[in-house]
Every structure is written in structure tokens, then in C-alpha cells.
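Next come the chains, spelled out residue by residue.
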Amino acid sequence: STMAVSIVNGLAAEACLLIFTLICQHSNANNIAAAASTAEAPNRRFEYKYSFKGPHLSQADGSIPFWVHSGNAIPSADQVRITPSLRSQKGSVWTKSTVNFDNWEAEVTFRVSGRGRMGADGLAIWFTTAQGLDGPVYGAADNWNGIGIFFDSFDNDGKKNNPAVLVVGNNGKLVYDHPNDGTTQALGTCLRDFRNKPYPVRAKITYYKRTLTVLINNGFTPDKDDYEFCTKVDNMVIPQEGYFGISAATGGLADDHDVLSFLTFRLSEPGQELPPPEAEMPKQDKDKYQEEFENFQQDLDKKKEDYQKEHPDVQGQPIEDMYESVNDREIRQVFEGQNRIHLEIKQLHHQLAVILDEQRRYVSVATDEISKRQGESGGQVGQAPSQEMGAVVATQQEVLRNLNELRNSFYESLKQIGASQHQGNAVGMGTYETVQHFNDIKEHLHVVKKNIEHLITRTGNPSEKQVMNCPDPPPMPSCLGTTHFLVFVVIQSVLFFSYIMYKSQQEAAAKKFF
């Protein structure tokens, strides 16, 4: 029993020690997380002279502004194909001027795609003291002085540790270890499969306070900020000035290596103000650009004087007032569109008036015909024709009623357009009210369309049912037969509906500038 008590006491002591250790570790982790959260992020400033991206990446001559490309690199409007998927290809792009930032960040977006399960050789991102335009290390020169971040896709050493991302530094004397995939020289590495991803792969390389950090977005999601930690190298010393570059190469296997963007940011500590960009420009370049600006200004003043001499009627008037401003052009386009719509609706209103007159004339003719038939025939013999003609008259009266509704709708649209134009002339832009008026007009036109469809349906069906249910009328001399009259009404209604649809399409095309 004494032994059992001692064992229980020992276990209790160990459990208390374990709990105390866990509590201490948890408190330390919380302190580290709090310190990391309170650390202020560095200031970032975009540097366009060391960056490129689409959609207007290359110029008309195929060059990239502020960059130079070599080998098999092919710039296009939205990307740079460093190497195509052909065997034994090399290519690279490099900045034309050196970078002299103490701290920087580079965000590179690229695609590596190929048909096979394996690819070769890979892609590299460089910061070196010289442009390695050609060489055996992923298409760039060996014995570089600086840093290289390698995306190696081929397993040379057969250890099945590829695709991989490696960070390799060099002082200009080191020869890259190709047979071992650079693993013996790597300062940091991580295994990441960057080939044939649904979305572009992104790499964020940060050099801040002598610490190099590499984050990778694997391209599984469209989220641009979905980065994962890859590797980190502390106490790393790199040259104060250097060139940014990207290179790629293929071997017996081949992949397409496409770079979509390379964005460079200068980093500074919180509270430290960066000098303005013009202060960093060399004095020689600043004097050159100032001289070009003064020459251009003198030529512009001379051309203004010549124009004033050739056009004495505009002397004393500022030339800037002769050109249309952006707001004036927008207002003019709005009123031109309103005028076109106003004219179209006026034409439709006129066409409806003509159709109403024709329908009234048809109703009067049908009414006269009914009265004649009732006077000439009586009893059961004339009952069926009188019922048929009554149905025709009822149908025509409904046609008149629907057409009157259409005419009223068009009249309301005309009034609304006139009110919007008057309000636009009085107020100026009136964008909200103008858009609201056009929405009301659009609703009225939809009502017109529905009424026309209803009109065609009611015009065709009831009369056919009456003809099917009633016996054939006796032959009588008539200037206008019932069948011909119904066919004429249906054809005329279909043509009118087609005309309305055509004008609605024209109106929609005219309102695209809204």
C-alpha cells in the first residue's frame, strides 16, 4: 500500500509539472503572437520602372518598357513567354537600370504548363549585380553575385524531391550544383508543385532588415492573397545595387514558362519618409528632360501664335474654350439620344393614329353591313350571319380600345421625354431624373409590347371560334369578305408588332451610352 501511495504521488507530481509546462508554453505563444500583431508593417511604394504587367505589357516594336529581353523570350500584350514548350530553349528578361533599395518586395505571377506529368527545367527569379542574359542556370549566367530563387521542376538527383523552390546565394565564385538540384547550396527550400495549376501561381519575395522571406500562392484558388509560407533566410547580405530578372530553360522535356506580371515595391520602416521620385533622378537625366520640356513648350507657344494669326476672328479668345469638355460632351450625347428616341416615338404615335383611323373605318363598314343584312333577311336564316358579324364588330371594337391604350401610352412617353429634356436644359446633368424618366419610358414600351401581343391573340382566336361554331353564311354580294377582313387584320397586327420590336431594338442600341 505504501508503494501504491508513492506511485500515485509521483504521477500526481508529474501531471502537475506537465500542466504547468503547458500553461507556460501557452502564455509564451500568446506573447509571441501579440508581439507579432503589434509589429507595424513596413511602408510600400510601387516602383513602375522595375515592374511590368498586362494588358499593355509590350510596345508596338515588341519591347518591354524599362526591361530588356533575350534568348527565346517572347513578350506579348498580357504576358512574357520566357520559353515556349520546345526542347533546349532559354530566355530571360532583366531591368535596364539597377535597383538601389535597402529593402524591397517583388510579387511575381507566372504559369508553368506542359503536357507531360513531368516538366523541365524550371524558372528563376534573380537579384544580381549584373544582367545574366544567357547561361546554364535556368537560362541565366552562372557565378552570379546576388540571390536567386529557383522553381525547379525536373528531378536531376532522382530523390523525388521536385518540383521544389530553392533560395541560393552566390558571391560570384560559386558554380551551381546541377546534378544535385542545388540542394547542397540552398539556404532555404520548400516542396511546392507549381505546374499545370487552374490559376496563376504567385510568389511574394520580401527582403526587409536583412531577412529574405518567400511566400507562395499555389494557384488552387482565384484569391490573390492566399499565400503560404515557403522559406525564410535570416541575416542575409545581398548587394546594395542590382538588377531584377526572370529566366527559364527547357531540356529534354519542355514546359511553357509564362510570366504575367512582375511588381516591385520599395519598403521603408514605419515613420520613415521616402524621398520623392524626382529627387532620386540623376541630375543629368533631370536636365535632359527639363530641356526637352522647354523646347516642347516653345514649339507649342509658336504654334498658338501662328494659329491666332491665321484665324483673326478668334483672337483674344482662349483656345481651350474652343474645345468641348468631357461634361459638355456627355450632356450633348444624352440630349442627342433623347432627341432620337423622341422622334422615334413620334413616328410610332403617328402610325398608331393611322391604324386607328383605318380600324374605325372598318368598324363603320362592318356596322353598315350588319344593318343591311338585318334589313334584307329575317328569322332563322339571317341569325348566323348576324351573330358572325356581331363577333367581328366586337373584335374590332376591342382592337380600337387596345389601340387607344397604346396611343395613350405613347403619348405619356412623349410627355416624359419632353419633361426630361426640359429638366436637363434647366438643371444641367440631371442624371438621376433622366435615368428615371427613361426607365418609365421603357416600362411603357413593355406595356405596348404586351398589349400588341394581346391584340394579336384576341384578334385571331375569337373570330375563328365563331366561324367554327356557326354555319356557313349564304352567298351574298359584298365588297369585303369576312375571311379577307380577318386575314388583313391579322397581317396588319403582325406587321405592326414587328415594327414595334424593330424600333425597340434601335432604342436599346441608342441608349447604350447610359
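Figured I'd write up the structure that's included with this text.

Rules behind the numbers
- Residues numbered from 1 in each chain as written.
- Predicted model: local features only at pLDDT ≥ 70, side-chain atom pairs only at ≥ 80, totals over all residues.
- Heavy atoms only, no water.
- Helix = DSSP H or I, 4+ residues; strand = E, 2+ residues; numbered from the N terminus.
- Contact = heavy atoms within 4.5 Å.
- Areas by Shrake-Rupley, 256 points an atom, 1.4 Å probe, with all protein chains shown as cover.
- Disulfide = S-S within 2.5 Å.
- Buried < 20%, exposed > 50% of the residue type's maximum accessible area, 1.4 Å probe, protein only.
- Phe/Tyr/Trp six-rings, centres within 6.5 Å; stacked < 30°, edge-to-face > 60°.
- Lys NZ or Arg CZ within 6 Å of the ring centre and 35° of its normal.
- Patch = residues over 30% accessible without salt bridge, like charges linked within 9 Å, V, L, I, M, F, W, Y side chains within 5 Å.
- Salt bridge = Lys/Arg side-chain N within 4 Å of Asp/Glu carboxyl O.
- Lys, Arg positive; Asp, Glu negative; His and termini not counted.
- Charge placed at Lys NZ, Arg CZ, Asp CG, Glu CD.
- Pairing = 2+ DSSP bridges.

A separate point is the overall build of the chain. Tallying secondary structure elements over the chain gives 6 helices and 16 strands in all. Within the chain, contacts between residues at least 6 apart in sequence are counted, and of these 69% link residues at least 24 apart. Approximately 30000 Å² of the chain is accessible, and the part contributed by carbon and sulfur atoms is 54%.

Across all of its chains, the model carries 1 disulfide by this definition. In this model C190 forms its disulfide with C230; the gap between the sulfur atoms is 1.8 Å. Residues C190 and C230 share a disulfide whose torsion about the S-S bond is about -90°; that sign makes it left-handed. Here C190 is found in strand β11 (residues 188-191), whereas its partner C230 is found in strand β14 (residues 228-233), with 40 residues between them in sequence. A relative accessible area of 9% means that C190 is categorised as buried.

So, on to the packing of aromatic side chains. Enumeration over the complete set of coordinates arrives at 20 aromatic pairs. Here F127 and F244 contribute two aromatic rings whose centre-to-centre distance is 5.2 Å and whose plane-to-plane angle is 55°, an arrangement assigned as tilted. Here the residue F127 occupies a position in strand β8 (residues 122-128), and F244 occupies one in strand β15 (residues 243-249), the gap between them amounting to 117 residues. The burial state of F127 is the same as that of F244; both residues are buried. Between W144 and Y176, the ring centres sit 6.5 Å apart and the planes meet at 50°, which makes this aromatic pair tilted. Placement of W144 in the loop between β8 and β9 (145-152) and of Y176 in the loop between β10 (164-171) and β11 is noted, with a sequence separation of 32 residues between them. Among the aromatic residues, those joined into a ring-pair cluster are F52, W67, W104, F127, Y207, F244 and F262. If you follow R44 out to its NZ or CZ, it ends over the ring of F265, 3.9 Å from the centre.

Moving on, we get to a negative patch on the surface. Residues D299, D301, E305, D306 and E310 make up a contiguous surface patch of negative charge. What makes E310 exposed here is its relative accessible area of 60%.

So, about the pairing of β9. Burial of β9 is extensive: 7 of the 8 residues sit out of reach of the surface. Two strands pair when backbone bridges link them, and β8 and β9 are joined in this way by 7 bridges, in the antiparallel orientation. Following the sheet pairing, I125 is matched in β9 by I149. When β9 meets β10, the two strands line up antiparallel, connected through 8 bridges. When the sheet's bridge partners are listed, G146 is paired in β10 with N170.

On the surface, F46, Y48 and F66 cluster together into a nonpolar patch covering about 310 Å² of accessible area. Looking at the secondary structure, you find Y48 in the loop between β1 (43-46) and β2 (52-53).

On to the pairing of strand β7 (residues 104-113). Counted residue by residue, β7 has 8 buried out of 10 residues, so it is predominantly covered. Two elements, β7 and strand β12 (residues 201-208), share 7 bridges in a ladder whose sense is antiparallel. Within the sheet, the bridge partner assigned to E105 lies in β12 and is T206. Bridge count for β7 against strand β16 (residues 256-268) is 10 bridges, and the pairing is antiparallel. If you follow F110 over to β16, its bridge partner there is V259.

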